[in-house]
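# Examination of the molecular architecture
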Amino acid sequence: MRNPMTRVSRRGRVTIAVLVVVFLLFTLFDRLVGAWADYLWFSEVKYPQVFTGVLTTRIWMFLIFGVAVGLVIAGNLYLAYRARPLLRPHSAEQHALDRYRLFLLPHMMGWIVLVAGLIGLFSGLSAQGHWQDWMLFSNSTPFGKTDPEFHVDLSFYVFEYPFWRYLLGVAFTTVVFSLLGALALHYLFGGVRLQGAGERMTAAARAHLTALVATFVLLKAAAYFLDRRGLLLDKFPTQDLYGAGYTNINALLPAKEILAWISIIVAIAILVFSNAFMRNLVWPGLALGLLALSAVAVGGIYPAAVQSFTVKPSQLQKESPYFQYAIDATRDAFGLKDVKVEAYSADNTNPPGSLLDGKDPTVANIRLLDPAVVGDTYTQQQQVRGFYEFNPKLDIDRYTIDGKTQDYIVGVREIRYDQLQQNNWQNRHSVYTHGYGFVAAPANQVVCSGQPLYVSGFFGDSAQSDAKAADESCVADKDKIPVTNPQIYYGEQMGDVYAIVGKSKQSDRDAEFNVPTGGEDQSSTYSTYDGSGGVAVNNFWRRMLFAAYFRETNFLLSGVLNDHSKVLYVRDPETRVRNIAPFLTLDSDPYPAVVDGKILWIIDGYTTSATYPYAQKLDWNTAIQDSSTAGRVFPEPRQDVNYLRNSVKATVDAYTGEVKLYAFDDQDPVLKTWNKAFGGKLVQPRSAISQGLMDHLRYPEDQFKVQRDLLSRFHVTSPDGFFSGQDFWEVPKDPANSAADQPPYYIVAQLPKQDSPRFQLTAAMAPRKRGNLASIMSASYVNGQPRFEVLELPANTAIQGPNQTHASMTSLVDARKDLTQFASSNSDVIYGNLLSLPVANGMLYVEPIYLKNKNDKAFPRMQKVLVAYGPKYMAYADTLAQGLQQLVKQVTGQAPPPQTDNPGQGAQPTGNQPSTPQIQETITAMNKAIADLEAAQKSGDFEAYGKALKALQDAIARYEDAVKAAGGTSPASPSAGASPGPSASASTGTSAAASPQPSAG
């Protein structure tokens, strides 16, 4: 007769089986559906080797590491079980453990398999996440360069070191879990005892446990040997530099080696003394104590003493060679080795008459439209229907039209799905499937009361014929950048919205909204997608798949699908490239370009590493932050980088979704390694880049920001200069947003020492903790090769920097009056890019001013422009041409000098006081304090008022000291009033009364 417990056990087994099935359905089903849909997508874009390569690598790593760790742990647990004593001593301790033994013994092997399986499962899951480390390790490509200390090829650090470090971590984890599990079982079954007569540990338990401890110590020896190489990735203790300094090389390096040999001796001592001679744990314990003491003394106290008593008193002399290693490695790792630095005196402070003749390429191409500002303008003027939208931050590219090459503000007209009036499933996914048109306008031209002159992307002739104002055409007479397929099926605004396209052979009706035709009836034309993109949904199983994948039953129920239907998904260009090349770090600003009649998204891809010896390490996401990225809501996770190459140019066809990867830096070992890992055909060679595409490649913005940040220090190439830090620079704050750095800007210009105009990315730099100008950086492509150049001003220059110039220009009486009036007339004042342009051996500054009415339908219009040349000549005008004319007339005496706010209203130097960068800084500080004072008065915040008053008094004192130091007479204190009080009225000289909006280039 069967025991009732048997029936319960059967029920329990059935219940467990049902729960397991349900668990698998809810967990594995989604993964299988996702994998199937992903495979179809990778097959559509013709990169199935990426999907299969990554998947098989992750599966093999999961299996190999999971099984290996599980087997080692299971073997040790089984050995501990088998080595249990047959007769256990009688003691209260052993009696207390009987209940646990009775619970485990009937299914001991099952428990061992369960515990080892769980640990192996988690180990496998962890290992499959390191698939990139394995791919780099197994496909390592030599750099052809060695580190300066061990003379080992750099490929070891970049490709092999991370995997060896991970492998050691897995080994340590496995040994620790084995040791803990074995110790628990030995204790449970009496091999290790805390009470009772006789030995505390059986011979078998002692041999097993000491072997595991010895293995752990041997792994520690291996870690010490690997740590020797890792010293070259360390950070200097007293300098913001990376690599091995004097203490690391002369103290820590030998200490690591000594500790490694001590660890080997200790491991041998543990095995021998605990099992062959003493047969106890006294000597092994002493050996472990010796190891710990050695680690503290040799690895900690001795290096600290060397640092304090040898290095610190004469750091420059001791560390100079290592400083040089760090400087050279950083410049090499970030592509700065060939930066060309030219001296630029900028001593001409009088605006030349050549500003007016239009012959200077830089002046002729001065950009007035700010792509970060006019996105709303494009959307309002070029949308026709309310569901069209341009990216809020447009892009800049150059085109040759009518024989003239210049930069254009460009964007594509995309669908804004949340603005559809009937936002049902059919409209969202099968009717409104695409945007329409590539819209461009010259960056240096405004028409029709401050709006762009559109030259492409029109819906039809009617849209052009009506766009006139005061006999001035607001758009070009024809589309000057024609495209073959203006429909935008793949774009930045698509999000996760998929599109269902295609019609059956029996139907002649086009279902996709194409373009509005205008007219009173608001009629439109319709079309059907004819591109190669998309995955076929032409049978029941595919419909089932995508119904599960998108969690949408309409795939099974809706009549919009037919035997020719396709679904377009993953429509964001950046995501498409990231899926195909997951090893790339992508530039944050993809941009559209018309290449051979096609609209292509161009995306810059970077290969990076964090283990390049001696190179400076930085957080990528912090380094690329400035006012143009200030709108990001969520902070990005930290990404350490100390090697950077713009190795890949990727394109995504806006109509077909076709993705192509081109090797732009075909000498990059990291790219070669990844290409080898995916069969050698993932990235096309550089020779495959057509001339049409090459003409639209531009120096990437994120790379420039990182290099700009590094060059602020690493333009100093001598150890003594680097140690003193006197010549370091910094990125100036954005004049329109003092909380963030000024972004770089693209311009077409011919800078000094350049033989022809170029489309280049430029930025101004200031000396650290000073406001004047230190240098102008520019980066461009010359004959398809990157060229980074720096115009360095003399150290004693008095040329104002961007913020000082902005403060001076906005202090002009006419500008201040207008800006205050604009703010009071329900308008927002928006400052565009402040361009710093080296022209005619001087510095020309140009800053456009936009106005936007405070209502939903308004858009920014460029209304005014501020210009300055040198420290004395400034103008405020309706157009750039008028502003330049005023500058030249001021020099010739045909126009009065610019009038700024008087000292009673804003801080300005009086009389014939000298003007130096230090004086200008204090003036800027006084103007800010005055503005804060006025704001505190209006808000009634007495605490803020007191702080602002104290800041103003401090700034006035610094101003007086600066004037005296410059050789001027003892000045009267400029202020916002001698005794500011609640009724005082201050007018600032630094910002508009309306809060300026940040802008970016």
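Residues numbered from 1 in each chain as written. Predicted model: local features only at pLDDT ≥ 70, side-chain atom pairs only at ≥ 80, totals over all residues. Heavy atoms only, no water.

This brings us to the overall build of the protein. Broken down by element type, the protein carries 27 helices and 36 strands. In the protein, buried positions account for 53% of the 1001 residues. Summarising the internal contacts of the protein: among those between residues at least 6 apart in sequence, 69% fall at separations of at least 24. (Helix = DSSP H or I, 4+ residues; strand = E, 2+ residues; numbered from the N terminus. Buried < 20%, exposed > 50% of the residue type's maximum accessible area, 1.4 Å probe, protein only. Contact = heavy atoms within 4.5 Å.)

Time to look at empty space enclosed by the protein. Tallying each qualifying case throughout the model produces five cavities of 30 Å³ or more. By volume, the largest cavity amounts to about 50 Å³. If you go around the largest cavity, the residues you meet are Asn391, Lys393, Leu394, Asp395, Val410, Gly411, Val412, Glu414, Glu492, Pro592 and Trp601. Counting residues per element, the lining of the largest cavity draws most heavily on strand E4 (residues 404–412), which supplies three residues. (1 Å grid on protein atoms, 1.4 Å probe; cavity = no way out; pocket = protein on both sides within 12 Å on 5 of 7 lines; lining within 4 Å. Points joined across faces, edges and corners; volume = space filled by probe spheres on them.)

Before going further, it helps to spend a moment on the environment of serine 178. Its place among the elements puts serine 178 in helix H6 (residues 155–188). With relative accessibility at 1%, the residue serine 178 sits in the buried group. For the pair serine 178 and asparagine 76, spaced 102 residues apart in the sequence, the C-alpha separation amounts to 6.0 Å.

With that settled, consider the nonpolar core. If you look at the biggest cluster of nonpolar residues, it comprises 250 residues, and the most contacted ones within it are Leu661, Phe678 and Leu844. Top contributing element to this core by residue count: H6, with 14 residues. Apart from the residues lying within four places of it in its own chain, the contact partners of phenylalanine 678 are Gln49, Val50, Val54, Trp131, Met135 and Phe583. (Core = buried A, V, L, I, M, F, W, Y, C linked by side-chain atoms within 4.5 Å.)

So, on to unusual backbone geometry. A positive phi is found at serine 449, a non-glycine position, where the angle reads about 65 degrees. When you line up the elements, serine 449 lands in the loop between strand E8 (446–447) and strand E9 (451–452). Even without being glycine, asparagine 783 reaches a positive phi, approximately 55 degrees. Relative to the helices and strands, asparagine 783 resides in the loop between strand E30 (775–782) and strand E31 (785–792).

The residue threonine 57 is located in helix H2 (residues 48–82) in this model. Residue threonine 57 is classed as buried on the basis of its relative accessible area, which comes to 13%.

Next up on the list: the packing of helix H5 (residues 131–138) against H6. Taken N-terminus to C-terminus, the directions of H5 and H6 make an angle of 130 degrees; their axes are 8 Å apart at the nearest point. Between H5 and H6, the interaxial angle falls into the category oblique. As for the relative orientation of H5 and H6, their crossing is left-handed in sense. Contact residues: H5 offers Asp133, Trp134, Leu136 and Phe137, while H6 offers Phe159, Glu160, Pro162, Phe163 and Trp164. By residue class, the composition of the contact of H5 with H6 is seven nonpolar, no polar and two charged. (Axes fitted to C-alpha atoms, helices over the stretch in contact; angles between N-to-C directions. Parallel < 35°, antiparallel > 145°, perpendicular 65-115°, else oblique. Left-handed = near helix turned anticlockwise from the far one by under 90°. Nonpolar A, V, L, I, M, F, W, Y, C, P; charged D, E, K, R; others polar.)

A word on the sheet that holds strand E16 (residues 535–536). Read across the open sheet, the three strands follow the order E13-E17-E16; overall the sheet is antiparallel. Of all the strands in the sheet, just strand E13 (499–501) and E16 have a single pairing partner and so form its edges. (Pairing = 2+ DSSP bridges.)

Right, let's talk about the packing of aromatic side chains for a bit. One pair of aromatic rings is described through two measures. These are the centre distance and the angle between the planes. Enumeration according to the criterion identifies 54 aromatic pairs in this entry. Ring geometry for tyrosine 529 versus tyrosine 655: centroids 5.0 Å apart, planes at 45 degrees, classification tilted. Separated by 126 residues along the polypeptide, tyrosine 529 in the loop between strand E15 (523–527) and E16 and tyrosine 655 in the loop between strand E23 (643–653) and strand E24 (659–663) bring together distant segments of the chain. The same class applies to tyrosine 529 and to tyrosine 655, which are both buried. With a centroid separation of 5.2 Å and 55 degrees between ring planes, the pair formed by tyrosine 606 and tryptophan 620 is classed as tilted. Placement of tyrosine 606 in strand E20 (residues 598–609) and of tryptophan 620 in helix H18 (residues 620–623) is noted, with a sequence separation of 14 residues between them. Each member of the pair tyrosine 606 and tryptophan 620 is classed as buried. Between the NZ or CZ atom of arginine 229 and the centre of the ring of phenylalanine 156, over which it lies, the distance is 5.1 Å. Between lysine 649 and the ring centre of phenylalanine 664, over which it is positioned, the NZ or CZ distance is 4.9 Å. (Phe/Tyr/Trp six-rings, centres within 6.5 Å; stacked < 30°, edge-to-face > 60°. Lys NZ or Arg CZ within 6 Å of the ring centre and 35° of its normal.)

Moving on: the state of the cysteines. Enumeration according to the criterion identifies one disulfide in this entry. Two residues share a disulfide in this structure: cysteine 448 and cysteine 474, whose sulfurs sit 1.8 Å from each other. Around the S-S axis, the bridge from cysteine 448 to cysteine 474 shows a dihedral of about -105 degrees and counts as left-handed. Separated by 26 residues along the polypeptide, cysteine 448 in the loop between E8 and E9 and cysteine 474 in the loop between strand E11 (472–473) and strand E12 (487–488) bring together distant segments of the chain. Since its relative accessible area comes to 5%, cysteine 448 is described here as buried. (Disulfide = S-S within 2.5 Å.)

On to the sheet that holds strand E3 (residues 395–401), then. Here we have three strands laid out as an open sheet, ordered E3-E4-E7, and antiparallel in their pairing. In this open sheet, the two strands that pair with only one neighbour each are E3 and strand E7 (438–442). Pairwise comparison of adjacent strand axes, ignoring direction, gives a mean angle of 45 degrees for this sheet.

Here we take up the pattern of salt bridges. Within this structure, the stated rule accounts for 29 salt bridges. Linking aspartate 589 and arginine 698 is a salt bridge whose minimum nitrogen-to-oxygen distance equals 3.1 Å. On the criterion of sequence distance, the pair formed by aspartate 589 in the loop between strand E18 (585–586) and strand E19 (591–595) and arginine 698 in the loop between helix H20 (691–694) and helix H21 (701–714) is long-range, its members being 109 residues apart. You'll find aspartate 589 and arginine 698 in the same group, each marked buried. Each of Lys393, Asp395, Asp589 and Arg698 takes part in a single network of salt bridges with overlapping partners. (Salt bridge = Lys/Arg side-chain N within 4 Å of Asp/Glu carboxyl O.)

Moving on to the pairing of E19. Sheet faces and side chains relate simply in a regular strand, where the side chains alternate between the two faces. Counted residue by residue, E19 has five buried out of five residues, so it is predominantly covered. Of the two faces of E19, the one lined by Tyr591, Ala593 and Val595 and the one lined by Pro592 and Val594 are each fully buried. The pairing of E19 with E20 spans five bridges and is antiparallel. Each residue of the ladder has a partner; that of tyrosine 591, found in E20, is isoleucine 602. Between E19 and E20, which pair antiparallel and follow one another directly, the connecting turn spans two residues, one of which, aspartate 596, has a positive phi of 55 degrees.

The subject of this paragraph is the side chain of arginine 816. You can see arginine 816 is positioned in helix H24 (residues 813–824). Polar contacts involving the side chain of arginine 816 include one to the main-chain carbonyl oxygen of threonine 810, which spans 2.7 Å. (Polar contact = N/O pair within 3.5 Å; in protein donor to acceptor, adjacent residues only side chain to side chain.)

A separate point is H24. Helix length check: H24 (12 residues) gives 17 Å between terminal C-alpha atoms against 16 Å at 1.5 Å per residue, within 8%. Taken together, the buried positions of H24 are occupied by Ala815, Arg816, Asp818, Leu819 and Phe822. Asparagine 826 sits one or two positions beyond H24 and adopts a positive phi of about 65 degrees. (Expected span 1.5 Å × (residues − 1).)

To continue, consider the packing of H2 against H5. The N-to-C vectors of H2 and H5 enclose an angle of 100 degrees; their axes lie 10 Å apart at closest approach. Here H5 runs roughly perpendicular to H2, going by the angle between their axes. The residues of H5 that touch H2, namely those facing Gly53, Val54, Thr57, Arg58 and Met61, are Trp131, Trp134 and Met135. Here the residues of the contact of H2 with H5 sort into five nonpolar, two polar and one charged.

A few words now on the confidence of the model for the protein. Interpreting fine coordinate detail is not advised for predicted regions of low pLDDT. Per-residue confidence for the protein gives a mean pLDDT of 85, with 86% of residues at or over 70. Below pLDDT 50 for its whole length, residues 902–913 participates in 35 contacts with residues either more than four positions away or in separate chains. (pLDDT = per-residue confidence, 0-100.)

On to a nonpolar patch on the surface. Residues Leu55, Ile59, Trp60, Leu63, Ile64, Val67 and Leu71 make up a contiguous nonpolar surface patch of about 680 Å² in total accessible area. Along the chain, tryptophan 60 falls in helix H2. Assessed through its relative accessible area of 57%, tryptophan 60 is described here as exposed. (Patch = residues over 30% accessible without salt bridge, like charges linked within 9 Å, V, L, I, M, F, W, Y side chains within 5 Å. Areas by Shrake-Rupley, 256 points an atom, 1.4 Å probe, with all protein chains shown as cover.)

Moving on: H21. For H21, spanning 14 residues, the distance from its first C-alpha to its last is 19 Å, which sits close to the expected 20 Å at 1.5 Å a residue. In terms of residue burial, H21 counts as a mostly covered element, since 13 of its 14 residues are buried.

All right, on to the environment of proline 752 then. Looking at the element boundaries, proline 752 is found in the loop between strand E28 (745–749) and strand E29 (758–767). Sequence separation between proline 752 and alanine 840 is 88 residues, and the spatial gap between their C-alpha atoms is 8.5 Å. The residues contacting proline 752, other than those within four sequence positions of it, are Tyr344, Leu791 and Pro838.

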